[in-house]
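# Examination of the molecular architecture
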Amino acid sequence: MKIVFLDRKTIGEDIDLSAFNEFGEVVIYDYSTVEEAAERTVDADIIILNKVPVNEQTIKNAKNLKLVCVTATGTNNLAKEYLAKRGIAWRNVAGYSTEAVAQHTFSLVFYLMEHLSYYDNYVKSERYVNDKMFTHFEMHFNEIAGKTWGIIGLGAIGQRVAEIATCFGANVIYYSTSGKNHSDIYTEVDLDTLLSTSDIVSIHAPLDENTLHLMDATAFTKMKNTAILINVGRGPIIVEKDLADALNSNKISAAGIDVLDVEPMADTNPLKNIKDSNKLIITPHIAWAAVEARERLMQIIYSQIKEYLDK
């Protein structure tokens, strides 16, 4: 049995993959282009990948291929009809990063809500040294308790964020983008109500026909000018130019973004020009990437291969 990892660096070099050796020969590549993938999969029985496209172009000569494992939840890089025609099974992974993404959601909220960039710089620039007063009140901030937290997408991550937000005393409301996720605990509202009443809006939805460009100029005009927007879902849910305009014109207070329309960030991204860290923080798609989450991810992939081979 030959297993080929096509883009190992997308899960981090710190994750131990030695357990996969029990299945047979393991060949690991840091990254693979489409052309390289076509060459590297020729004699593979199983391939493991994150972002590499799997289609006729990349695997047409992979005569031994039996199983494709995606180290992610999204599978839009798989040509599923072609795989089915070839009788090649595929697996993806869900639920491995719920705690990590929920944690990162709150990291972004705290960073923006308490103006931590400003206060960190205030102390490190030594303006606090021998200041006249023990507390510096320049940047005002509020408590989460008593605020309305609107959640877009009440899947596993959205529910976990709702639970934690409730612990902080927030009033949680939600909008189900699919119309399938409902709760007896939290209040379901339409999108307009969520946008107009929420002090914090966090996005935890997948990218589909219901969410593409959901947050556009019209949506931002409905939000409070004191509101904070968090996106740890998918980049294209937000129209980035419209978000940049909303931030620059103070239509909303701040935004914390972990996902972008194009990743890595394009030079033309309009958010690139916003340097005020009190208004915007962008993290490079790391919400899912806690060590424990990545270890859990590969344990699931290992179990999927074992289960497939034991059939």
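Overview of the structure. (Residues numbered from 1 in each chain as written. Predicted model: local features only at pLDDT ≥ 70, side-chain atom pairs only at ≥ 80, totals over all residues. Heavy atoms only, no water.)

This part covers the packing of aromatic side chains. Summed over the entire model, instances satisfying the criterion amount to 12 aromatic pairs. For the pair Phe20 and Phe23, a centre-to-centre distance of 6.3 Å together with 65° between the ring planes defines the contact as edge-to-face. Ring pairing ties together the aromatic residues Phe5, Phe20, Phe23 and Tyr302, which thus form one cluster. A cation over an aromatic ring shows up here: Arg40 above the ring of Tyr29, its NZ or CZ 3.9 Å from the ring centre. When the ring centre of Trp90 is taken as reference, the NZ or CZ atom of Lys80 above it lies at 5.3 Å. (Phe/Tyr/Trp six-rings, centres within 6.5 Å; stacked < 30°, edge-to-face > 60°. Lys NZ or Arg CZ within 6 Å of the ring centre and 35° of its normal.)

Now for the nonpolar core. Ranked by internal contacts, the top residues of the largest apolar core, which has 48 residues, are Phe20, Ile48, Trp149, Ile151, Met298, Ile301 and Ile305. Among the elements that make up this core, the one with the highest residue count is helix H4 (residues 98-113) (8 residues). Among the nonpolar cores identified, the runner-up in size contains 29 residues, and Ile152, Ala219, Ala227 and Ile257 belong to it. (Core = buried A, V, L, I, M, F, W, Y, C linked by side-chain atoms within 4.5 Å. Buried < 20%, exposed > 50% of the residue type's maximum accessible area, 1.4 Å probe, protein only. Helix = DSSP H or I, 4+ residues; strand = E, 2+ residues; numbered from the N terminus.)

We now examine the pairing of strand E11 (residues 254-257). Of the two faces of E11, the one carrying Ala254 and Gly256 and the one carrying Ala255 and Ile257 are both buried. As judged from the 4 bridges shared by strand E10 (residues 228-231) and E11, these two strands associate in the parallel manner. Across the sheet, the residue bridging to Asn231 is Ile257, located in E11. Tracing the backbone out of E10, into helix H9 (residues 240-248) and back to the parallel element E11 gives a crossover that is right-handed. Where E11 and strand E12 (residues 280-282) come together, 3 bridges link them in parallel fashion. Bridge pairing links Ile257 to Ile282 in E12. (Pairing = 2+ DSSP bridges. Right-handed = clockwise from strand over helix to strand, strands pointing away.)

Computed from the structure, the largest pocket encloses a volume of approximately 1600 Å³. For the lining of the largest pocket, the secondary structure elements donating two or more residues are H4 and helix H6 (156-167). Considered class by class, the residues forming the lining of the largest pocket number 20 nonpolar, 22 polar and 7 charged. Computed from the structure, the second largest pocket encloses a volume of approximately 230 Å³. Lining the second largest pocket are 14 residues, and of these Met113, Asn142, Thr226, Ile228 and Ser253 sit closest to its centre. Of the residues belonging to the lining of the second largest pocket, the class tally is 6 nonpolar, 6 polar and 2 charged. (1 Å grid on protein atoms, 1.4 Å probe; cavity = no way out; pocket = protein on both sides within 12 Å on 5 of 7 lines; lining within 4 Å. Points joined across faces, edges and corners; volume = space filled by probe spheres on them. Nonpolar A, V, L, I, M, F, W, Y, C, P; charged D, E, K, R; others polar.)

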